[in-house]
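Chain and residue survey
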Amino acid sequence: MRVFLLTSALLCLSPLAALGETPLAVEILTAHVTTDRHEFTLTGTLAATDSYPAAFRSGGRVIAVAVEVGDLVAKGAVLARLDPTQAEAARRAAEAVLDGAEAALWQAGLARERAAGLLARGTGTQADLDAATEAWTSARAGRDQAVAALEKARRAVEDCTLLAAEEAIVTARRIEPGQVVGAGQSALELAGQTGREAVFLAPDGLELEENLGRKVTLSPLDGPSDLQLDAELTEVSPIMAANGTVRLKARLADPAGGGLAIGAPLTGRVAFDGPARITLPWTALTSSAAGPAVWTVDPATMTVTLTPVELSSYGNDSVALQSGLAEGAQVVAAGSHLLYPGRAVVAATAP
């Protein structure tokens with residue numbers, strides 16, 4: 001009976017004790033969504049926006065290379081030559097075949113005219129005229145075929161000379177005189193005289209695609225220290241390299257690249273905006289059975305609630321939250337080790 005009375009008394013007194021509890025002074029802050037900013041300094045090289053290989057249409061032995069790496073070439077300029085001996089012989093043979101085909105066509109034309117005249121005078125037959133017409137048609141087809149063969153032979157002679165398709169800069173030379181090359185084998189590497197871009201390797205894991213169009217400031221590693229070039233991030237490779245980096249390309253605003261040579265080393269300074277996150281001091285972080293949590297304060301009652309959160313990243317003295325809190329939430333920043341659900345708190349005043 002005494003035990004029952006004592007228990008009843010304690011149950012009756014507990015709410016009163018809770019109601020009379022002194023609020024705990026804690027540091028309270030307001031959570032705000034901010035955007036992380038990642039700044040990087042990358043090292044890369046200057047490249048041409050448009051570059052392409054130059055190759056002979058037919059194979060053969062190289063007899064001359066007229067350019068060196070770094071040369072500026074005009075449209076139509078001679079770059080290299082193949083030995084044209086066989087091509088010239090084939091062209092002369094095609095010319096002889098055409099001469100014979102034209103003579104055969106002329107004779108077939110005369111024969112058809114004679115057959116037509118005989119038939120008109122009544123001394124010839126229609127069969128003779130039909131045979132002469134058929135022979136003339138065949139001779140004409142032979143002549144046309146010879147014309148096409150000669151045109152092909154002339155193009156083969158022309159293809160022994162490699163010409164520049166447009167104004168360009170020679171960036172690589174892969175053939176030498178005396179070398180035998182195949183049709184389509186890259187002989188030279190050419191780049192447009194205007195249009196430059198910087199090529200970098202950046203660490204993976206950044207939201208790079210969302211930063212296309214962002215400004216990049218470039219500086220030469222070997223050049224005037226005060227030279228700075230503006231560029232715009234234009235391409236992010238979808239393929240990650242073996243070393244865990246991705247290739248970035250930034251097009252220079254100056255199409256001449258500030259006078260720098262292709263292949264010149266560059267440094268690029270770029271800032272990427274990360275995703276929007278709520279950042280709290282690490283002292284606000286606690287845990288529950290479900291995982292990381294923070295104590296949130298109800299402004300109306302000034303009592304605390306343990307709120308689960310999902311972490312995004314850790315800083316030196318802060319943590320970034322992926323989810324769990326809304327903009328403007330009141331969070332206990334210090335003193336959380338003394339709290340429990342429903343505990344009354346008051347904002348601590350600065351000393």
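Residues numbered from 1 in each chain as written. Predicted model: local features only at pLDDT ≥ 70, side-chain atom pairs only at ≥ 80, totals over all residues. Heavy atoms only, no water.

Some remarks on the pairing of strand β18 (residues 303–308)
Direction of pairing for strand β17 (residues 291–298) relative to β18: antiparallel, over a ladder of six bridges. Its bridge partner lying in β18, Val 294 is registered against Thr 307. (Pairing = 2+ DSSP bridges. Helix = DSSP H or I, 4+ residues; strand = E, 2+ residues; numbered from the N terminus.)

Observations regarding empty space enclosed by the protein
Tallying each qualifying case throughout the model produces one cavity of 30 Å³ or more. Put simply, the parts of the chain that give the lining of the largest cavity at least two residues each are β14 (245–252) and β15 (265–281). Residues belonging to the lining of the largest cavity are distributed by class as follows: eight nonpolar, one polar and two charged. (1 Å grid on protein atoms, 1.4 Å probe; cavity = no way out; pocket = protein on both sides within 12 Å on 5 of 7 lines; lining within 4 Å. Points joined across faces, edges and corners; volume = space filled by probe spheres on them. Nonpolar A, V, L, I, M, F, W, Y, C, P; charged D, E, K, R; others polar.)

Topic: the layout of surface pockets
In this model, the second largest pocket occupies a volume close to 160 Å³. In terms of lining, the second largest pocket is formed by Ala 55, Phe 56, Arg 57, Glu 158, Asp 159, Thr 161, Leu 162 and Leu 163. Considering each element in turn, the lining of the second largest pocket owes the most residues, three residues, to strand β7 (residues 161–163). Its residues assigned to classes, the lining of the second largest pocket comprises four nonpolar, one polar and three charged.

A few points about the packing of helix α2 (residues 85–121) against helix α3 (residues 126–158)
One way to put it is that α2 packs onto α3 with a least axis distance of 7 Å and a crossing angle of 165°. Of the possible angle classes, the one that applies to α2 and α3 is roughly antiparallel. The interaxial crossing formed by α2 with α3 has left-handed handedness. (Axes fitted to C-alpha atoms, helices over the stretch in contact; angles between N-to-C directions. Parallel < 35°, antiparallel > 145°, perpendicular 65-115°, else oblique. Left-handed = near helix turned anticlockwise from the far one by under 90°.)

A short note on the environment of Leu 280
Residue position: Leu 280 is located in strand β15. Residue Leu 280 is classed as buried on the basis of its relative accessible area of 2%. Spatially, the C-alpha atoms of Leu 280 and Pro 23 are 23 Å apart, while their sequence positions differ by 257 residues. With sequence-adjacent residues up to four places away left out, Leu 280 is seen in contact with Leu 29, Ala 31, Val 294, Ser 318, Val 319, Leu 321, Leu 325 and Val 331. (Buried < 20%, exposed > 50% of the residue type's maximum accessible area, 1.4 Å probe, protein only. Contact = heavy atoms within 4.5 Å.)

Considerations on the sheet that holds strand β5 (residues 72–73)
Overall, antiparallel pairing links the four strands, which are arranged β3-β10-β8-β5 in an open sheet. Edge positions in the sheet fall to β3 (51–55) and β5, since each of these pairs with one other strand and no more. Where β5 and strand β8 (residues 168–173) come together, two bridges link them in antiparallel fashion. Its bridge partner lying in β8, Val 73 is registered against Ala 168.

So, unusual backbone geometry
Here the phi dihedral of Met 302 falls at roughly 55°; this positive angle occurs in a residue that is not glycine. Among the structural elements, Met 302 can be located in the loop between β17 and β18. When its relative accessible area of 27% is taken as the criterion, Met 302 is described as partly exposed.

Examining the packing of aromatic side chains
Across all of its chains, the model carries zero aromatic pairs by this definition. When the ring centre of Trp 136 is taken as origin, the NZ or CZ atom of Arg 112, which lies over that ring, is 4.1 Å away. (Phe/Tyr/Trp six-rings, centres within 6.5 Å; stacked < 30°, edge-to-face > 60°. Lys NZ or Arg CZ within 6 Å of the ring centre and 35° of its normal.)

Brief notes about the side chain of Arg 91
Position of Arg 91 among the secondary structure elements: in helix α2. Side chain to side chain, Arg 91 and Glu 88 meet in a polar contact 2.6 Å long. When neighbours within four sequence positions are excluded, Arg 91 is seen to be in contact with Leu 150, Ala 153, Arg 154 and Val 157. (Polar contact = N/O pair within 3.5 Å; in protein donor to acceptor, adjacent residues only side chain to side chain.)

Observations concerning the environment of Lys 215
Along the chain, Lys 215 turns up in strand β12 (residues 215–220). Apart from the residues lying within four places of it in its own chain, the contact partners of Lys 215 are Asp 230, Ala 231, Arg 269 and Val 270.

Brief notes about α2
With 37 residues, α2 extends 55 Å from end C-alpha to end C-alpha; this agrees with the ideal 54 Å at 1.5 Å per step. For α2, the set of buried residues is Ala 87, Arg 91, Ala 94, Leu 98, Ala 101, Leu 105, Ala 108, Gly 109 and Ala 115. Those residues of α2 that are buried are in contact with α3. In the segment just after α2, Gly 122 is the residue with positive phi, at about 90°. (Expected span 1.5 Å × (residues − 1).)

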